[in-house]
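Remarks on the overall topology
Residues per chain are reported as follows:
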Amino acid sequence: MKPEERIVFFLPDYGIYRCLQFGYYKYSKAQSQLPIHQHVDVLEICFCITGKQHYAIEGESFMMYGNDILIVPPNKQHGTGDYPEEKGELFWLQIICVDKKHKLCNLSIHESEYLINELTINASKIFKGAFQTKFILEELLNQLKGKKSTLSKIIINQLIIQILLEVLNFSKKKQGSIPLQKLTTIDNYIMNNIYRMIYVDELADVSGFSVGYFKTWFKNRVGVPPREYVNRLKIEQAKVDLFKKNTITAVSYDLGFSSSQYFSTTFKKYTGYTPKSYIRLKNG
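Attention in this report is confined to the structure presented alongside it.

Criteria and cut-off values
- Residues numbered from 1 in each chain as written.
- Predicted model: local features only at pLDDT ≥ 70, side-chain atom pairs only at ≥ 80, totals over all residues.
- Heavy atoms only, no water.
- Helix = DSSP H or I, 4+ residues; strand = E, 2+ residues; numbered from the N terminus.
- Rg over C-alpha atoms; globule rule 2.2 N^0.38 Å.
- Buried < 20%, exposed > 50% of the residue type's maximum accessible area, 1.4 Å probe, protein only.
- Contact = heavy atoms within 4.5 Å.
- Areas by Shrake-Rupley, 256 points an atom, 1.4 Å probe, with all protein chains shown as cover.
- Lys, Arg positive; Asp, Glu negative; His and termini not counted.
- Charge placed at Lys NZ, Arg CZ, Asp CG, Glu CD.
- Polar contact = N/O pair within 3.5 Å; in protein donor to acceptor, adjacent residues only side chain to side chain.
- 1 Å grid on protein atoms, 1.4 Å probe; cavity = no way out; pocket = protein on both sides within 12 Å on 5 of 7 lines; lining within 4 Å.
- Points joined across faces, edges and corners; volume = space filled by probe spheres on them.
- Nonpolar A, V, L, I, M, F, W, Y, C, P; charged D, E, K, R; others polar.
- Phe/Tyr/Trp six-rings, centres within 6.5 Å; stacked < 30°, edge-to-face > 60°.
- Lys NZ or Arg CZ within 6 Å of the ring centre and 35° of its normal.

Some words on the overall build of the protein chain
- Helices and strands together make up the secondary structure of the protein chain, namely 10 helices and eight strands.
- For the protein chain, whose C-alpha radius of gyration is 19 Å, the value lies close to the compact-globule estimate of 19 Å for 284 residues.
- With respect to the three principal axes, the spread of C-alpha positions in the protein chain is 50 × 45 × 40 Å.
- With 284 residues in all, the protein chain has 49% of them scored as buried.
- For the protein chain, restricting intrachain contacts to residue pairs at least 6 apart in sequence, the fraction spanning at least 24 positions comes to 69%.
- Of the roughly 13800 Å² of accessible surface on the protein chain, a fraction of 52% belongs to carbon and sulfur atoms.
- Looking at charge distribution, the protein chain has the averaged site of its 37 positive side-chain charges lying 7 Å from that of its 27 negative ones.

Quick notes on the side chain of Lys 134
- Within the fold, Lys 134 resides in helix H2 (residues 131-145).
- Accessibility expressed as a relative area gives 9% for Lys 134, which makes it buried.
- Of note is the side chain of Lys 134, whose polar atom sits 2.9 Å from the side chain of Gln 237.
- Excluding anything up to four places from it in sequence, Lys 134 contacts Ile 49, Glu 89, Met 191 and Gln 237.

What to know about the layout of surface pockets
- Of the volumes computed, that of the largest pocket is approximately 430 Å³.
- Taken together, 15 residues make up the lining of the largest pocket; nearest its centre are Asn 142, Gln 143, Gly 146, Lys 282 and Asn 283.
- Looking at the lining of the largest pocket, the elements that each hand over two or more residues are H2 and helix H3 (150-171).
- By residue number, the principal contributor to the lining of the largest pocket is H2, which donates four residues.
- When the residues that make up the lining of the largest pocket are grouped by side-chain class, the tally is three nonpolar, seven polar and five charged.

A look at the packing of aromatic side chains
- Enumeration over the complete set of coordinates arrives at 15 aromatic pairs.
- Seen from their ring centres, Tyr 25 and Trp 92 are 6.4 Å apart, and the 50 degrees between their planes marks the pair as tilted. Taken together, the residues Tyr 25 in strand E2 (residues 19-27) and Trp 92 in strand E7 (residues 88-96) connect sequence positions 67 residues apart. When sorted by exposure, Tyr 25 lands in the same class as Trp 92, which is buried.
- Clustering of aromatic rings is evident, with ring pairs tying together Phe 209, Tyr 213, Phe 214, Trp 217, Phe 218 and Tyr 229.
- Lying over the aromatic face of Tyr 14, Lys 148 brings its terminal NZ or CZ to 4.6 Å of the ring centre.
- The ring centre of Phe 209 lies 4.8 Å from the NZ or CZ of Lys 182, which sits over that ring.

This is the structure:
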């Protein structure tokens, strides 16, 4: 992506009528401050992927860092206050709260209202997300950049619901616990080093554990061994990179796989498709 990229999609143009905007920026240096504004009857969810970002919501200050999520309530004045839009990477998604005519991404009216109400309850607070959410957001970005079709509309609806459910799940987790902090540190480390080989002893060192204890602790907490977890995340990144780079070999080596054959085997293990068949599937 370009060093100073900022892009905004008006979702009703894609037939997603209960949503307003999906936006993204990636800055290598600070930009002008975001003026104070409000969205009438619209909930805004902000995902800080890397870097940091200050927000002011009706005089209350919030500071977001990597993997942080902030829900801005509807009808509330907000912006970056006296701060610029900082160096880093951030997504945002706007949901229309009051709409008696349209459903939210093909949910029933009851389900739509339930989900929006639950998200509103958790507004005006910062909570930790997870590295995996980045891949869902990037997939949504790629779908919106691509050619409009019936299939792309179905995928866009599915991705938005997946994102909202992830946010709701994260908002209900106990924040500040030691295990959660360590897992967040591990996710950040993987995210910052995903384009190379990552060794288990590195992750153990970051966590402050011996390698043997770390392997047991991690599997008990996450449900899979650390090596499998890293490979799963690399394959999620590969799903995005396959449509941005010239060759499958380039994707495999950039992500630290020892060979394109090992990459293809790992890709099929976690997706059910070879990289080539996955590209054909997504291209329709």
